[in-house]
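# Examination of the molecular architecture
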Amino acid sequence: MYDIAIISGDGIGKEVMEASEYLLDKLDINFSFKYGEAGFECFKKNGTTLPEETIKIAKSSHATLFGASTSTPGQSSPIINLRKELEVYANLRPIKSYKGVNSIKNDIDFIIVRENTEGLYSQNEYIDDDKVIAERVITQKASEKISDIAFKLAKNRDKQKKVTCVHKSNVLKKTDGVFKESFYNVAKKYPQITTEDFYVDAMAMYLVLNPQNFDVIVSSNLFGDILSDESAGLVGGLGLAPSGNIGNKHGLFEPVHGSAPDIAGKNIANPVSMILSTAMMLNYLGESETALKINKAVEKVISECKILTPDLGGNAKTMEMTKAIVNELI
Ligand code: NAI
Ligand code: MG
């Protein structure tokens, strides 16, 4: 029996979470769900975007599923705060091309490893006279920790066994100097893994030109965030991009996308990013066989090109596509 914290949030977060719960209900595994509030609607109701109760539920569960939250004016981000509370320092964002989906290349398979606790997302901005300053925190400790995760992943992946470090140390000499140096320090422990590093601007171009050349990509918080939306765009959009936030004690799983107000309420959100995030959660819980089956079911439904949501060129509703995927499992 696994205790799972369910935090749906706002907009399509709620719609894709329904898909995830439907899927989990159909599996031959016992779950006990605990529900927590977060996001803009929660703020309007409770005056906070992340109530203590939600943090408590997440901390006392075996894993947490998060949908998406709409940003609240004047308030810090609940998902960034939750990641910090749970000390989930590694954000893993796999990117893969699917047969049946318009992709820039058809052999893309890499994973972005994004540092989750510091960088420009320290959320410490302040005014000093006529200057508005955002703090960019980089520590050797966190940089080495995230690089180590990237190398471990590369070692266990059946791919190119390569880690690419992305930074901007030609301009951010001190902060990204530490990030890059930490990467090469850790690399010494993994002589069997190929290393390379690129400036983030060039990397944005290489991802478009040669995305098949990458295996594991490690970067700081903001760069990792931007490159993951770009990468999702290479393979068909945010509807296909899952993620897992991993720490020593907790696992928090969420789609890469936000609450998508442009399509919210229409029940046409692609459920795949949430479903694949749920599969990542099952893997984390040790249910790797079921996770693999879910991945295969997603691949099958997408490649058949029959029941697809509008972002993939079809006209299916969120739950129609979800049911098609679940039907492949049972
Ligand atoms: P977004 O990721 O919500 O949407 C970007 C575009 O991708 C939109 O055109 C949307 O329709 C499309 N899209 C996203 N997910 C999709 C899905 N599952 N199926 C089909 N199409 C999908 O980013 P946006 O519009 O910049 O932000 C909207 C709100 O979400 C903002 O308030 C933002 O702060 C918040 N946000 C929250 C995140 C989170 O909770 N983790 C992450 C990113 C943004
Ligand atoms: Mg993002």
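Preceding this section is the structure that the text describes.
Here the residue numbering is sequential within each chain, running from 1 through the sequence in written order. Lettering of chains starts at A and numbering of ligands starts at 1, both following the order in which they are written. Selection of residues for local features in this predicted model requires a pLDDT of at least 70, selection of side-chain atom pairs for listing and counting requires 80 or more, and totals for whole chains, interfaces and linings are taken over all residues. With hydrogens and water stripped out, all remaining heavy atoms of the structure feed into the side-chain values.

### Let's talk about the nonpolar core
Among buried residues, the Ala, Val, Leu, Ile, Met, Phe, Trp, Tyr and Cys ones that are joined through side-chain atoms within 4.5 Å form a nonpolar core. Under the scheme applied here, a residue whose accessible area is under 20% of the maximum for its type counts as buried, over 50% as exposed, and between as partly exposed, the area being computed with a 1.4 Å probe on protein chains only. Ile4, Phe31, Leu65, Val163, Val218 and Val298 are the most contacted members of the largest nonpolar core, which has 60 residues in total. Helical segments are the DSSP runs of H or I of at least four residues, strand segments are the runs of E of at least two, and each set is numbered from the N terminus. By residue number, the principal contributor to this core is helix H9 (residues 272-284), which donates 8 residues. Each of domain 1 (1-93 + 244-330) and domain 2 (104-234) accounts for three or more of the residues forming this core. By definition, residues are in contact when any of their heavy atoms lie within 4.5 Å. When sequence neighbours within four positions are dropped, the list of residues in contact with Val218 reads Val113, Ile146, Ser147, Ala150, Val163, Thr164, Cys165, Val166, Phe179 and Phe183. Counting 17 residues, the second largest nonpolar core, distinct from the first, contains Leu207, Phe223, Leu234 and Val256. What counts as a domain boundary in this text is fixed by an automatic or database domain assignment.

### A few points about the pattern of salt bridges
Oppositely charged side chains may form a pair once their charged atoms are brought near each other. Every case where a carboxyl oxygen of Asp or Glu lies within 4 Å of a side-chain nitrogen of Lys or Arg is listed as a salt bridge. Enumeration over the complete set of coordinates arrives at 20 salt bridges. Linking Glu299 and Lys96 is a salt bridge whose minimum nitrogen-to-oxygen distance equals 3.2 Å. Of the two residues, Glu299 is situated in helix H10 (residues 288-304) and Lys96 in strand S4 (residues 90-96); the sequence distance between them amounts to 203 residues. The class of Glu299 is partly exposed, set by a relative accessible area of 29%. We classify Lys96 as partly exposed; its relative accessible area is 28%.

### Some remarks on the site of ligand 1
Nearness is judged by heavy atoms alone; a residue qualifies as near a molecule or strand once a single heavy atom is within 4 Å of it. Close to ligand 1 lie 20 residues, the nearest being Ser69, Ser71, Gly258, Ala260 and Asp262. In this structure, an oxygen atom belonging to ligand 1 sits 2.8 Å away from a main-chain N or O atom of Ser69. What sets the accessible areas is the Shrake-Rupley method with a 1.4 Å probe; for residues, cover comes only from the shown protein chains. Computed on the free molecule, ligand 1 has an accessible area of 800 Å², of which 67% lies beneath the protein chains in the complex. Residues are grouped as follows: Ala, Val, Leu, Ile, Met, Phe, Trp, Tyr, Cys and Pro are nonpolar; Asp, Glu, Lys and Arg are charged; every other residue, Gly included, is polar. Here the shell around ligand 1 is built from residues that sort into 9 nonpolar, 8 polar and 3 charged. For the purposes of these results, a polar contact is taken to be a pair of N or O atoms within 3.5 Å, where, inside protein, one atom must be able to donate a hydrogen and its partner to accept one; residues adjacent in sequence count only when each atom of the pair is a side-chain atom.

### What about the packing of helix H7 (residues 200-209) against helix H8 (residues 221-234)?
Between two packed helices, both the angle of their axes relative to each other and the distance between the axes serve to describe the pair. One can describe the packing of H7 onto H8 by two numbers: an axis separation of 10 Å at closest approach and a directional angle of 15°. Our classification of the angle between H7 and H8 gives roughly parallel. Both H7 and H8 take part in a crossing whose hand is right-handed. Residues Val200, Met203, Ala204, Leu207 and Val208 of H7 pack against Phe223, Leu227, Glu230, Ser231 and Leu234 of H8. Here the contact of H7 with H8 is built from residues that sort into 8 nonpolar, 1 polar and 1 charged. To obtain an axis, a line is fitted to C-alpha atoms, over the contacting stretch when the element is a helix, and the angle between two such axes runs from 0 to 180 degrees between their N-to-C directions. If an angle is under 35 degrees, it is roughly parallel; if it is over 145, roughly antiparallel; if it lies from 65 to 115, roughly perpendicular; otherwise it is oblique. In this scheme the crossing of two helices becomes right-handed for a clockwise turn of the near helix relative to the far one and left-handed for an anticlockwise turn of less than a right angle.

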